[in-house]
Structure formats: structure tokens, C-alpha cells
Amino acid sequence: MELRSAIRLFVLSASVFAPGVLGAFGYTSSGGNYVIDAGSANPLVFSVSQSSCDIKSIKFRGTELQYGSKGTHIGSGLGSATVSVSQISGSSRYIKVTCVTSTLTHYMVVREGESMVYMATYITAQPSIGELRLIARLLPNQLPNEYPYGDVSNTNGASSTVEGSDVFVVNGQTRSKFYSSTRFIDEDSHCVYGGSDLMHVCIMTPQQESSSGGPFFRDIDSNNAGDSTNLYNYMNSGHVQTEAYRMGLHGPYAMQFSRSGIPSVKSLDVSWFGEVSVTGYVPASGRGTVKGTASSVQSGMEGVVHLFNNAAQYWAKTSSNGAFTSPLMKPGTYTMVLYQTEFKIATGTVTVSAGQTATQNIASTFSTTRKTLFQIGEYDGQPTGFRNADKFLRMHPSDSRMASWGPLTYTVGSSQLSDFPMAVFQSVNNPVTIRFNLASAPGAATLRIATTLSFAGSRPQAVVNGWTGPAPAAPAKIDSRGVTRGAYRGHGDVYTVSIPAGKLVAGSNTITISSISGSSGTTFLSPNFIFDAVELYTA
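Residues numbered from 1 in each chain as written. Predicted model: local features only at pLDDT ≥ 70, side-chain atom pairs only at ≥ 80, totals over all residues. Heavy atoms only, no water.

*Asks:* How do you make sense of the pattern of salt bridges when you look at a structure like this?
*Replies:* Between side chains of opposite charge, a pair can form as their charged atoms come close. The tally for this structure, following the rule as stated, stands at 21 salt bridges. Taking the shortest distance from any N to any O, the salt bridge between Glu-243 and Arg-246 comes out at 3.0 Å. Classification of Arg-246 as buried rests on a relative accessible area of 2%. Of the charged contacts, one joins Arg-387 and Asp-419 as a salt bridge, the two residues approaching to 3.4 Å between their closest N and O atoms. Here Arg-387, found in the loop between β29 (371–376) and β30 (409–411), pairs with Asp-419, found in the loop between β30 and β31 (423–425); they are 32 residues apart in sequence, far enough to count as distant. Look at Asp-419 and you get partly exposed, because its relative accessible area is 23%. Taken together, the salt bridges that share partners define one network made up of Arg-183, Asp-186, Glu-302, Lys-317, Glu-342 and Arg-489. (Salt bridge = Lys/Arg side-chain N within 4 Å of Asp/Glu carboxyl O. Buried < 20%, exposed > 50% of the residue type's maximum accessible area, 1.4 Å probe, protein only. Helix = DSSP H or I, 4+ residues; strand = E, 2+ residues; numbered from the N terminus.)

Dropping the structure here:
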């Protein structure tokens, strides 16, 4: 009897605690790692280093998915950390791994029965490498493919390098991990997938409240780099950085392992996250909302309300009648910005209190009381419709699939919008020429040049029928490549040129717009700026 009981006890303990046993929710310690079994129907078992916090092994349905030479980790790895594990009971059972350094605490949480790792990262300082990111380094023979943009960021088999160490040529096409990006406001899930037993591994982030950059910021999501297929969650980076980094809790976010296709962030439930004691987590009961009406957004454009302060950022799209409601927000006073698509048209402030809904309307202050002589493009904060604007997000400007950059001449009334370049590169297509006819001399006029992003101090200078307009001051510096990495969102500088009476004439007129800068560079890394719209008008 005693022997039979001992055998039964041994079998029971092995089934509960041994890694890889189907449905055996729990954890154990083995070889300097914590081994966590999610107890899920599609088994997920992963190992976390007790000294570095690196994920060393990920087995899904018994298949190893983790790249062997480097781990899955925060930044480029924490190096060393104090790592602990605990099991928690609440509305479900959870296993929580906590990794602590002097400035960072990273959490990995498993909820019983789910093939998913929930994460959150609390920081008091930006990592020394300058990037706060999760990078899952996975096996390319199991997960070679990327979603949603496919091969544009697959750099496996590169034959040459185009730029730096991150833009390559593969099968005659330019590719980069930067071409996998999606605007924060549009993010759903991004995934890598493959295998004969088709698996998807996907990152989902319900909101980026502690990141920087606002609703239109975008960053690297995935990259099959050949030796590993990398899946990212970028929280802070210097990639076209337009505002200071935010500290505090980033997350929760999740890495889901799926055999049933691509999950949606809308179905991700993190309402229970307060049960697992995460530093910096603010539950729904400690938050408030903002609602209101946004008015005078140009017809046909999307209204977006952006709310931010030094601690957090949020956004909401407006309905067809301008109504909006924010997500749940941390208490505080926020700057409020209204965009038509991505062009800023109003600002204000609002204060949010826990458990309350603040009502704050906002209306466009962008003047429409003017007489437009011509306009090229729309004030939408994007280079929409301009030449190569349909391509640059997913390829380098040198790519053979790009249309000729010029220099180009645009004739008002006969040219297509695609005859106007989305960007002027100082050593490639400088200047752009605009030709137009006027029925009569208009007297004094204003030329408005709206831009979205400047590189290397570039800004536009206009020449009107031989009269040279003033050279604008250099814009605020963004210390990052832009258009060559598929980025266009910067400070959105708008330049106005006051044209004296007598410079515009009845009949034929010519305006050239040049890139000027005190910096230098070659080809597509020469100083450049991106157009939003160009308008000539009188009062």
C-alpha cells in the first residue's frame, strides 16, 4: 500500500511540475531557468533564465520556436537581473515572472489555459541602448513569414546593403525591418508564422499610453533576418523621435501563440491584470474618460483627437458627426489636439479625474477664409497622392519600382498630382518647379508650404518669377533618418512666404521650391523634406 501511494504521488507531482507535460499548469526550476507550463490545450512551455531574464526556450505544441544563439528579451538583453517567479490565484490562476534591474522591472504573466505570455515593462529611465523594446528571436525554419506586410521586411538572403546596416537588396528589391511598421492608431496584431503545423506568433498591444510619438508614430514590428525571425514590440525609440520618452508602466501587452489564425487586439482581455500586482498599473476604477464633439474637420478627412501629457498619451477617432470618447485615461491635465487625418487644426486642454467623464469640445482654428489661386495636395499631414507616396512606406527611394524622382515640373491645371514629388532631396531632385497662369495680377499673395518631416535641417525656399523669398530658419532637429526608412511623420512644419505686390503677374508665372540646409549628404541621405500641401492664396 505504501509503495502504491508513493508511486501515485510521484506520478501526480511529475504531471503537475514537469515541463512540457500537456495541460500541466505550473512551474519548476531546471538548469538555471524557470520553466513555465501554461496548461493550455495547445501546449505552451517556455524557459526564463534566472540570471538574465532572457527567454531561452519556447515550445508550442512540442515544437521549439526560440532561436538558440540569442534569447527573447527586453532591449538587447538586460545582461543581469534579479529574477523571481510566483503562482497567484484570483479570478484565474496565474504564473508571474518578475525581472528587476536598477531602472527597470519586466513582468511575464501566464494565465492558466492560455497559449499566451502577457507582459508589462516598468521603467524609471530609458535603457542605455536608447530603445525600449521587446524582441522575440524565433526560428526562421518554423516561422519564416511576416504579417501583415509580407516580404517587405524579410531581409533573408540579402545580396547587398543599400544604407547603413538596416536596408538591403533581396531579389532586386529593397527591404528593411523598418518597412514593417504600422501607425499606433492602426495597430491590431502583427505576427510571424509558418510551419507544416501552421502556427502564428503575434504581438498585441491594447494601448501605447506610456510610449512617445502620438497616434501616428510607427516603428519596427517584424523582420526575418535570416538567422532568426524577429518579432518586436517597440515602446520607446529614437526612430524619428518627436517628443521626450515617457517613463512608468508600458503595457500590458501580449505575445500569443495560435493555430487558429490571426488574433485581434479587440478580443484581448487584460481586465484582470490588477490581480497580479504590477508596479505602475492603474485599474479601470482609477481612470476617467473624455468625451466631446470635434468640429470643422475638412469633409472627407478623418478626425483624430490626441490627448497627452508628460506621463501618458491617448487618442480617439471621431464619428461622422464629430463625436468622440477617449479610452480610459490616467488622471491628470492633458493637452488636447485635433487633427484632420494627421494635420493639426486645433489645440486645447482638459483635466481627467478618476471615475469621471470630462466633456470637452474642440473646433478647428485652421482658417478657410482665403482666396486660393492654386493648391497642390490636401492639408492632411501626409504626402497623399504625390509621386512615390504610394510606395515609400515599404521600400527605399532608390528602389527600381519607384517612379523617377525628377527634378519635376508641375503645371497647374494639366499635371496629375503624381507629377509632384512627395519629397525634395537636395542632391537628387532639387528644385521642384510649379508653372501656372493667372488671369490678372493679384497684388500681394501668400505661398504656404506645409511639410511633414525634415531630415538634416532641410527646409523649403521659394523663388517666384525670379524674386527669391527669405530663407526660413532651420526646423527643430530630429536626429534620425526618415523617408529612407519609410517614415514621414515629424513636427509638421508649415512655412509661409509673403509675396510682395508686383511679383506675380497676369499670364504665365513660375515658382521653384528648393531644399536648403547647412548640412550635406549624398543622394537620398542628402538634406530633404516631405510635402504635405502647397497653396498660393490671397486674403
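Now, onward.
*Asks:* For this particular structure, what's the right way to read the UniProt feature "domain: Rhamnogalacturonan lyase" (unreviewed entry) in the protein?
*Replies:* With numbering aligned to this structure, UniProt lists the feature "domain: Rhamnogalacturonan lyase" (unreviewed entry) at residues 286–359 and 372–536. Taken end to end, residues 372–536 has its terminal C-alpha atoms 6 Å apart, with 0% of it in helix and 38% in strand. (UniProt positions renumbered as here; feature names shortened; annotations may be inferred.)

*Asks:* Is there a simple way to explain the packing of aromatic side chains in this structure?
*Replies:* Think of a pair of aromatic rings as described by two things: how far the centres are apart, and how the planes are tilted against each other in angle. Under the counting rule described, the total for this entry stands at 23 aromatic pairs. Aromatic pair Phe-184 and Trp-315: ring centres 6.2 Å apart, planes at 20 degrees, arrangement stacked. Here Phe-184, found in the loop between β15 (173–175) and β16 (189–194), pairs with Trp-315, found in strand β23 (residues 313–317); they are 131 residues apart in sequence, far enough to count as distant. Among the residues examined, Trp-315 registers a relative accessible area of 15% and is labelled buried. Through successive ring pairs, a cluster of aromatic residues spans Tyr-94, Tyr-118, Trp-272, Phe-273 and Tyr-281. Above the plane of the ring of Tyr-537 lies Arg-370, whose end atom (NZ or CZ) is 5.8 Å from the centre. Geometry around Tyr-149 places Arg-394 over its ring, the cationic atom sitting 3.5 Å from the centre. (Phe/Tyr/Trp six-rings, centres within 6.5 Å; stacked < 30°, edge-to-face > 60°. Lys NZ or Arg CZ within 6 Å of the ring centre and 35° of its normal.)

*Asks:* What should I look at first to understand the nonpolar core in this one?
*Replies:* One recurring pattern in soluble globular proteins is that nonpolar side chains are buried together. In terms of nonpolar packing, the biggest core is built from 40 residues, with Phe-420, Met-422, Ile-434, Leu-447, Ile-513, Phe-531 and Val-534 touching the most fellow members. Sorting the residues of this core by element identifies β29, β31, β32 (432–438), β33 (445–455), β34 (459–464), β36 (494–499), β37 (507–516) and β38 (528–538) as the ones contributing at least two each. Tallying contributions element by element places β38 first for this core, with five residues. Sequence-distant contacts of Ile-434, that is, excluding residues within four places in its chain, are made with Phe-374, Ile-376, Tyr-410, Val-412, Phe-420, Asn-509, Thr-510, Ile-511, Ile-513 and Val-534. (Core = buried A, V, L, I, M, F, W, Y, C linked by side-chain atoms within 4.5 Å. Contact = heavy atoms within 4.5 Å.)

*Asks:* Got a minute to help me understand the environment of Phe-257 in this structure?
*Replies:* Counting through the fold element by element, Phe-257 comes out in strand β20 (residues 248–258). C-alpha of Phe-257 to C-alpha of Glu-114: the two residues are 143 residues apart in sequence and 8.9 Å apart in space. Phe-257 has contacts with Leu-44, Ile-58, Phe-60, Leu-65, Ser-115, Val-117, His-200 and Val-201, leaving out every residue within four places of it along the chain.

*Asks:* Would you mind showing me how to read unusual backbone geometry here?
*Replies:* Glycine aside, negative phi is the norm for most residues, and most peptide bonds take the trans geometry. The omega angle of the peptide bond from Tyr-147 to Pro-148 is 15 degrees, so this bond is cis rather than trans. Along the chain, Pro-148 falls in the loop between β12 (145–147) and β13 (160–163). Looking along the chain, the bond that leaves Gly-406 and enters Pro-407 is cis, with omega of 25 degrees. Inspection of the secondary structure puts Pro-407 in the loop between β29 and β30. For Asn-171, which is not a glycine, the phi torsion comes out positive at approximately 55 degrees. Mapped onto the elements, Asn-171 comes out in the loop between β14 (167–170) and β15. For Asn-171, a relative accessible area of 70% puts it in the exposed group. Phi angles above zero are rare outside glycine, and Asn-465 is one such case at about 50 degrees. As for its placement among the helices and strands, Asn-465 is situated in the loop between β34 and β35 (467–468).

*Asks:* Before we go on, may I ask you to explain the sheet that holds strand β22 (residues 303–308) in this structure?
*Replies:* Whether parallel or antiparallel, the strands of a sheet pair through hydrogen bonds between backbone atoms. Taking strand neighbours across the sheet as the criterion, the four strands line up as β23-β22-β25-β26 in an open arrangement whose pairing is antiparallel. Only two strands of the sheet have a single partner each, and these edge strands are β23 and β26 (343–352). Strand-to-strand twist across the sheet, computed as the mean angle between neighbouring axes with direction ignored, equals 20 degrees. Across six bridges, β22 lies against strand β25 (residues 332–340) in antiparallel orientation. Across the sheet, residue Val-305 finds its bridge partner in β25, namely Leu-338. (Pairing = 2+ DSSP bridges. Axes fitted to C-alpha atoms, helices over the stretch in contact; angles between N-to-C directions.)

*Asks:* I tried to follow the sheet that holds β15 on my own but got confused; where do I start?
*Replies:* Spatially, the three strands line up as an open sheet ordered β13-β14-β15, and their pairing is antiparallel. One side of each edge strand has no neighbouring strand; the edge strands of this open sheet are β13 and β15. Taken over all neighbouring pairs, the strand axes of this sheet differ in orientation by 40 degrees on average, direction set aside. Pairing of β14 with β15 involves three bridges; the strand directions are antiparallel. In the strand pairing of β15, Val-169 is matched with Thr-174.

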